[in-house]
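Commentary on secondary and tertiary structure
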Amino acid sequence: MPERRLQLVESHGKETVSGNTDVAPLLRIAIATNDMKSLNAHFGGANRFSIWDVTSDDAHFVEALGFHKISDQSGSHLEGEDTITPKVEALADCKLLFILAIGGPAAAKVVNAGIHPVKLPTEESIASIIKRVQDMMKGNPPPWLRKAMGMPSRSMDFLDEDDD
């Protein structure tokens, strides 16, 4: 469980993406961050996760999850303490997780929770990650994104046709 959970509450009656049933598909994504501005943390070392609901043409901030017990991003972990499970449980509603790095045991727990980890090689702004996801959602998304969006996989029937 995160030590802090900050959620945005819409008080002026504006419908959010998650409440709009006409908009589909919707992806809830998590971004590992230490400053709430950019992807700039490894999974174990992230003291915050910025959670967003994203469609192909809209995005809304959902919440920020804060953690005090984190690793030092060197690959070593606190002896006897499980810092992975609380993070995975807090991210349970997310379909994609953007991180700079993630260790094998953490990646296994994330995947087993139905979350697709996406490692990016360098720091990147949250806005540019959202834009990248939106661009991929339009048209013909890659198979891993189709799966995260709950879309059926494309038919491979064309492979069985004869080209006589």
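Source: prediction; values computed, not measured.

**A look at the nonpolar core**
- Residues L27, I29, F43, F49, L91, L97 and F98 are the most contacted members of the largest nonpolar core, which totals 41 residues.
- Elements with a minimum of two residues in this core: β2 (27–33), β4 (48–55), β5 (58–66), α1 (84–90), β6 (96–99), α2 (104–112), α3 (126–137) and α4 (143–148).
- Leaving out residues up to four positions away in the same chain, L27 has contacts with W52, D53, V54, K95, L96, V133, M137, L145, A148 and M149.

**Quick word on the confidence of the model for the protein**
- Per-residue pLDDT for the protein averages 82, and the proportion of residues at 70 or more is 71%.
- For the stretch residues 11–21, pLDDT sits under 50, and the model shows 11 contacts to residues farther than four places along the chain or on other chains.

**Some details on α3**
- Between its terminal C-alpha atoms α3 stretches 17 Å, which fits the 16 Å expected from 12 residues at 1.5 Å a residue.
- Along α3, the positions that sit buried rather than exposed are I126, I129, I130, V133, Q134 and M137. Each buried residue of α3 sits inside an arc of 135° when the element is viewed along its axis, so together they form one side.
- A positive phi of about 80° marks G139, the residue just after α3.

**Some points on the pattern of salt bridges**
- One pass over the structure, following the stated rule, counts 4 salt bridges.
- Between K109 and D82 there is a salt bridge whose closest N-O contact spans 3.6 Å. Of the two residues, K109 sits in helix α2 while D82 sits in the loop between β5 and α1, which places them 27 residues apart along the sequence.
- Owing to a relative accessible area of 34%, K109 belongs among the partly exposed residues under this scheme.
- K131 is paired through a salt bridge with D135; the nearest N and O atoms lie 2.9 Å apart. One end of the pair is K131 and the other is D135, both in helix α3 and 4 residues apart, which spans about a single turn.
- Overall, the relative accessible area of 38% leaves D135 in the partly exposed class.

**With respect to the packing of aromatic side chains**
- Scanning the entire structure with this criterion turns up 3 aromatic pairs.
- A centroid spacing of 6.0 Å and a plane angle of 85° characterise the contact between F49 and F67, whose relative ring orientation is edge-to-face. Of this pair, F49 sits in strand β4 while F67 is found in the loop between β5 and α1, placing the two residues 18 residues apart along the sequence. F67 shares its class with F49; the two are buried.
- Here W52 and F61 contribute two aromatic rings whose centre-to-centre distance is 5.7 Å and whose plane-to-plane angle is 75°, an arrangement assigned as edge-to-face.
- Taking relative accessible area as the criterion, W52 reaches 18% and is therefore assigned buried.
- With relative accessibility at 22%, the residue F61 sits in the partly exposed group.
- Of note, K87 hangs over the ring of F43, and the distance from its end group to the ring centre comes to 5.7 Å.

About the cut-offs
- Residues numbered from 1 in each chain as written.
- Predicted model: local features only at pLDDT ≥ 70, side-chain atom pairs only at ≥ 80, totals over all residues.
- Heavy atoms only, no water.
- Core = buried A, V, L, I, M, F, W, Y, C linked by side-chain atoms within 4.5 Å.
- Buried < 20%, exposed > 50% of the residue type's maximum accessible area, 1.4 Å probe, protein only.
- Helix = DSSP H or I, 4+ residues; strand = E, 2+ residues; numbered from the N terminus.
- Contact = heavy atoms within 4.5 Å.
- pLDDT = per-residue confidence, 0-100.
- Expected span 1.5 Å × (residues − 1).
- Arc of directions from axis to C-beta.
- Salt bridge = Lys/Arg side-chain N within 4 Å of Asp/Glu carboxyl O.
- Phe/Tyr/Trp six-rings, centres within 6.5 Å; stacked < 30°, edge-to-face > 60°.
- Lys NZ or Arg CZ within 6 Å of the ring centre and 35° of its normal.

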